[in-house]
Structures are given as C-alpha cells and as structure tokens.
Amino acid sequence: MKRLDPVLEEDTKRMLVDLEGDSAVEGRSVLVTGGAGFLGSWLCDLLLKLGAQVTCLDNFSSGRLDNVSHLLGHERFRLVKQDVTRFECNDKYDFIVHAASRASPEDYQIHPIETMLANSLGSLKVLEVARRCDSKILYTSTSEVYGDAKVIPTPEDYWGNVNPIGPRSCYDEAKRFGEALFMSYYRKYGVDVRIARIFNTYGPRLREDSAYGRAVSRFISQALRGDDITVYGDGEQTRSFCYVTDMTVGLYLMLTREGVKGQVVNLGNPRETTINELAELIKRITNSRSRIVHLPPVPDDPRRRCPDISRATELLGWRPRVSLEDGLRRTVEWLKRKIES
Ligand code: UDP
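Residues numbered from 1 in each chain as written. Predicted model: local features only at pLDDT ≥ 70, side-chain atom pairs only at ≥ 80, totals over all residues. Heavy atoms only, no water.

Engineer: Run through the site of the ligand, naming residues and quoting values.
Structural biologist: The ligand sits among 17 residues. The nearest are T230, Y232, R239, D301 and R305. Q237 places a side-chain nitrogen or oxygen 3.1 Å from an oxygen atom of the ligand. Between the ligand and R239, the relevant distance is 2.6 Å, taken from an oxygen atom to a side-chain nitrogen or oxygen of the residue. If the ligand stood free it would expose 510 Å²; the protein chains cover 96% of that surface. At the level of secondary structure, the elements contributing two or more residues to the shell around the ligand comprise α7 (215-225) and β8 (229-232). (Near = heavy atom within 4 Å. Polar contact = N/O pair within 3.5 Å; in protein donor to acceptor, adjacent residues only side chain to side chain. Areas by Shrake-Rupley, 256 points an atom, 1.4 Å probe, with all protein chains shown as cover. Helix = DSSP H or I, 4+ residues; strand = E, 2+ residues; numbered from the N terminus.)

Engineer: If you had to explain the pattern of salt bridges to someone new, which residues and values would you point to?
Structural biologist: Tallying each qualifying case throughout the model produces 34 salt bridges. Where D18 meets R321, a salt bridge forms, and the shortest distance between an N and an O atom there is 2.9 Å. Here the residue D18 occupies a position in helix α1 (residues 6-18), and R321 occupies one in the loop between α10 (310-316) and α11 (324-340), the gap between them amounting to 303 residues. Overall, the relative accessible area of 33% leaves D18 in the partly exposed class. (Salt bridge = Lys/Arg side-chain N within 4 Å of Asp/Glu carboxyl O. Buried < 20%, exposed > 50% of the residue type's maximum accessible area, 1.4 Å probe, protein only.)

Engineer: Residues and numbers for the pairing of strand β6 (residues 192-198), please.
Structural biologist: Of all 7 residues that make up β6, 7 are buried, and the element is covered over most of its length. Every second residue of β6 is oriented toward a common face, with D192, R194, A196 and I198 on one face and V193, I195 and R197 on the other, all of them buried. In terms of strand pairing, strand β5 (residues 136-142) meets β6 through 7 bridges, oriented parallel. Paired with K136 across the two strands is D192, which belongs to β6. Where β6 meets strand β11 (residues 263-267), 5 bridges bridge the pair, whose relative direction is parallel. Along β11, the bridge assignment pairs R194 with Q263. (Pairing = 2+ DSSP bridges.)

Engineer: An account of the sheet that holds β11 is requested, with residue identities and associated values reported.
Structural biologist: Within the open sheet, the 7 strands sit side by side as β3-β2-β1-β4-β5-β6-β11. Their pairing is parallel. Whereas interior strands pair on both sides, the edge strands pair on one side only; in this sheet they are β3 (77-81) and β11. Neighbouring strand axes in the sheet, compared pairwise and without regard to direction, differ in orientation by 20° on average. In this fold helix α8 (residues 244-256) packs onto β1 (29-33), β4 (95-98), β5, β6 and β11, with an angle of close to 160° to the strand it touches most, β6. (Axes fitted to C-alpha atoms, helices over the stretch in contact; angles between N-to-C directions. Contact = heavy atoms within 4.5 Å.)

Engineer: I'd like to hear about the state of the cysteines, residue by residue, with values.
Structural biologist: The full count for this structure, using the stated rule, is 0 disulfides. Sulfur of C44: no disulfide; nearest cysteine sulfur belongs to C56 and is 4.5 Å away. Residue C44 is classed as buried on the basis of its relative accessible area of 0%. Looking at the unpaired C242, the closest cysteine sulfur is the one in C306, lying at 12 Å. (Disulfide = S-S within 2.5 Å.)

Engineer: Lay out a nonpolar patch on the surface in plain terms, naming residues and giving numbers.
Structural biologist: A cluster of nonpolar side chains, namely I113, L117, L121 and L124, defines an oily patch on the protein surface of about 340 Å² accessible area. At the level of secondary structure, the elements contributing two or more residues to the nonpolar patch comprise α4 (112-119) and α5 (121-133). Position of L124 among the secondary structure elements: in helix α5. (Patch = residues over 30% accessible without salt bridge, like charges linked within 9 Å, V, L, I, M, F, W, Y side chains within 5 Å.)

Engineer: Account for the side chain of D11, naming residues and giving values.
Structural biologist: Relative to the elements of secondary structure, D11 occurs in helix α1. Contact partners of D11, with chain neighbours within four places excluded, come to W42, Y243, T245 and R330.

So yeah, pure geometry; function would need other evidence.
Structure, rendered in structure tokens:
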C-alpha cells in the first residue's frame, strides 16, 4: 500500500482525536459518491479509520485516483469507477454521502450540463438507494445557493440572490434543485436526508492545476513557482476559508448525528478575508517573490461570502479550529512536496 503524505497522516490523526471514541459508523456500510475528489477522499480516509466499510464511487472527471490509491487493497475499501447518473445497485448502505460534482467555477462552466446532471439525476439515483435501504443520506450542497448574498454573515434561512441564467447557474441552480429534491424525498417518503451548505474549503488534495484550480490552491502553486499571482478584479471581494479537516469533521457529524434529519446546515469558517489579503498572506507564508497582478473581474463573482454557523454549533457542537495561517502552512507544505516529487 502507498504511504500517505505526512501532512495528511497527521491531519487524519487530529480528526480522530476530535472524534475519540465515536463508533457511529463502526462496522457500517457507507457509500461516498465523488469519493476520489477533494472532500470525498478525506471522508473515505476518516470513515475507514472509524471502522466503516467504504464504497467509493467516482467517474474521475475531477476526482483523482491518486487521492485514494493508498486505500486500494484495504479490506474495507471498494472503488467503483462509474458515473453517479448511471448508478444502480442492490447493495445495502447504512449511510450515503452524495459529493459527486465538479465544484471549481472555471471547471463547471466548461462542463455545465454534466454538472447539472450530477446534482439532479445523480441526486435522484442516490436518493432511490437511500429510500430502499433506509439510509441516512447527506447532500454536499454549497454556499453558492445563496448566490451574491445580501445578508452577511449568511444564515440558512436566507433564500439567496442567484442569477438563474448566468454562467454560474449550472452549479448554483443544480445545487438548489438537488436540495429541493432531497427535501422532497424527506417530505414524501420520510428519507433521513441531511443537507450541508459548504463554504470555501481548502487544504491538501485541493487541485491547483488548470481550470480545477481554486483561489487558495492556485495562489500557492503560483507563489511556489514564482509565477504571477492572478487576482480577478479589484481583489476586494471576500471569501471565508475553512481548512479541510474542520470541514471533514463537520460533514461526518452531519452524516451521523441525531437531530439533523431534514435539516440544512452551513459549514464553513466565519473568518471573512478579501482575496487581496489571501494573496498577500500566501506570498508571505511561501516567502515568494511572485508579483500580485490584477486581471479583469469574472462575471457574477459573488462580492462577499461568510457563513453564519450558529446552527452548526447548536446542532452539532461544531466550529472550525484551524486558523487560516496554520491551514495555509500545512497546505503549502503538502503542495511543495507534491511539486518536488
Ligand atoms: N480568484 C482569483 N484568482 C484565481 C482564482 C480565483 O482572484 O486565480 C477569485 C475568484 O474570482 C473569487 C475568489 O477568488 O472571487 C474565490 O474563487 P474560488 O475559485 O476559489 O471559489 P468560489 O468562491 O468563486 O467558488
């Protein structure tokens, strides 16, 4: 079996300390769609450590074999290469996480129809499995359902400000449809659905290459290589960046805890940062001589994004613990090793 990168090894141990003694998934069977993606692969790692039997479903459109290759040969891990929109099975699952979808704005705009189908037809496929198996099922929704939010920090009862025909609508509206479908299965059939609205998350395994690159991973890669750091627009737009271990623990709690059936919960780090601040911070942490350059703004780019996480704290006792500086240092260490290898 391939060895895990030391940052991932240590981070996984830290999550296990947070969840010490938790046996909710021990000996239980879990399906993770998009299990070879960024968040999906972190969940597979955590679930296996907690004793689950894990089936990872992925079509490798944006997921990578490299994210789960260390698990191949694990007796409780199974990899299925398939598109979730074609997924049929007779297996029994106690828990399901539907995380299969492209998530990078540049990438999903290249593949808009595929993105819409993963969240609509794909959601239907997994909801039918959950209905048959009486599984708990978690949908990984997004802060993008709020669009260009006018209420900051944004609580779950804000209905959103989305351009339904804009370039981001293939993702925003697909996720909104997915949420509505999950809630319909809850109301009509009593399926135990849970919806997490995930705000910007970063860390090891977030892709930095081509259209997959997100602000954090791309800026770190640019800084390490001495390339220009490309800020879109004036850079005064904000995001709130959550480190991946905090998010993985939050998702795990959403999947397994009582009291969240039929609930939608924001998961994210409430520290709001401008993209200019992020670029400066990454430049400083990497000790880079890269220039920070401004490119034209991208259309419909939300101006501010910051979660109100009171519901997550109240229902799950969850709040992020890793600071932006610490999380960025860990991500830099991981990416540096990856680039050098
Ligand atoms: N961004 C940027 N340069 C890049 C990539 C992203 O300035 O090379 C900006 C982007 O316009 C947005 C923010 O950084 O305002 C976060 O972008 P990301 O793709 O990480 O995620 P989003 O929050 O837009 O889904």
